[in-house]
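Structural description and commentary
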Amino acid sequence: NAGVTQTPKFQVLKTGQSMTLQCAQDMNHEYMSWYRQDPGMGLRLIHYSVGAGITDQGEVPNGYNVSRSTTEDFPLRLLSAAPSQTSVYFCASSATSGGYQETQYFGPGTRLLVL
Amino acid sequence: EDQVTQSPEALRLQEGESSSLNCSYTVSGLRGLFWYRQDPGKGPEFLFTLYSAGEEKEKERLKATLTKKESFLHITAPKPEDSATYLCAVQAKGNTPLVFGKGTRLSVIA
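So, here is what we can say about the structure in this document. (Residues numbered from 1 in each chain as written. Chains lettered and ligands numbered in written order. Predicted model: local features only at pLDDT ≥ 70, side-chain atom pairs only at ≥ 80, totals over all residues. Heavy atoms only, no water.)

1. Re the overall build of chain A
Filter applied, for reference: Put simply, DSSP marks the helices as runs of H or I at least four residues long and the strands as runs of E at least two long, and each gets a number from the N terminus on. In this setup the radius of gyration rests on C-alpha atoms only. A globule is expected at 2.2 Å times the number of residues raised to 0.38. For each residue, the accessible area found with a 1.4 Å probe, counting protein chains only, is set against the maximum for its type, and the residue is called buried under 20%, exposed over 50%, and partly exposed in between. Only heavy atoms matter for contacts: two residues are in contact if any of them lie within 4.5 Å across the pair.
When helices and strands are counted, chain A shows zero helices and eleven strands. Counting helices and strands in the order they occur from the N terminus, chain A gives β-β-β-β-β-β-β-β-β-β-β. Computed over the C-alpha atoms, the radius of gyration of chain A is 13 Å, within 12% of the 13 Å expected from 2.2 N^0.38 for a compact globule of 115 residues. For the C-alpha atoms alone, the extent of chain A along its principal axes is close to 45 × 30 × 25 Å. The proportion of buried residues among the 115 residues of chain A is 49%. Considering only intrachain contacts with a sequence separation of at least 6, the fraction spanning at least 24 residues in chain A is 53%.

2. Observations concerning the nonpolar core
All names here are of chain B. To be explicit about the condition: In these notes, a set of buried Ala, Val, Leu, Ile, Met, Phe, Trp, Tyr and Cys residues joined through side-chain atoms within 4.5 Å is what counts as a nonpolar core.
Core analysis: the biggest nonpolar cluster contains 25 residues, and Tyr25, Leu33, Trp35, Leu73 and Tyr86 have the highest contact counts within it. Looking at this core, the elements with two or more residues in it are strand S2 (10-14), strand S3 (19-26), strand S4 (30-38), strand S5 (45-50), strand S7 (62-66), strand S8 (70-75), strand S9 (84-92) and strand S11 (104-109). The element that contributes the greatest number of residues to this core is S9, accounting for five residues. Setting aside its immediate chain neighbours within four residues, tyrosine 25 contacts Gln3, Val4, Leu30, Leu33, Leu66, Thr67, Lys68, Lys69, Glu70 and Val90.

This is a description of form; function is not addressed.
Okay, structure coming up:
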């Protein structure tokens, strides 16, 4: 089991560029989430998905787009990068029980710098 | 609104000096409380889940406890390798997403 994988590990973008952060999991988890982590702010939820074809907004969704066409993959798209999106991005997945998230497993993160 | 507050923000201990980290929460019906450890440059790593007041769980030098308003992560005789940021998260009944605290950065000095 590779667990949760994220690519790339590090990316530099110019303001206005778009890109997709990839996330994949091989644990057959239904629930997947994207977080950003900034100094002093903790983990903030961007978008999440409770299963293929279903996505919802978290605390800080503006400027980001997601889709979930398969159970395994949950890409995060930056539509037009801004310096405020400089952050470390984590993807996480979890099984569900009775409709609830169980333990979340996190990927290694993607460090994004927007100039 | 569900809230999680962790204290202290940072803690510096000598090797062998036991202490506790605090996670206070406000939630409309707790379904579960989670503790994670995060090393620099890595993703959070799961430690414990607690579901009801009075519950305790242990792993090596760590013990997590839960009351109706807070959770403690007790560290007994810490070693330098216990240095990390410890994150607490709560899940409310009603299946809302987890809410994370900002973490406690622990440094254990040899």
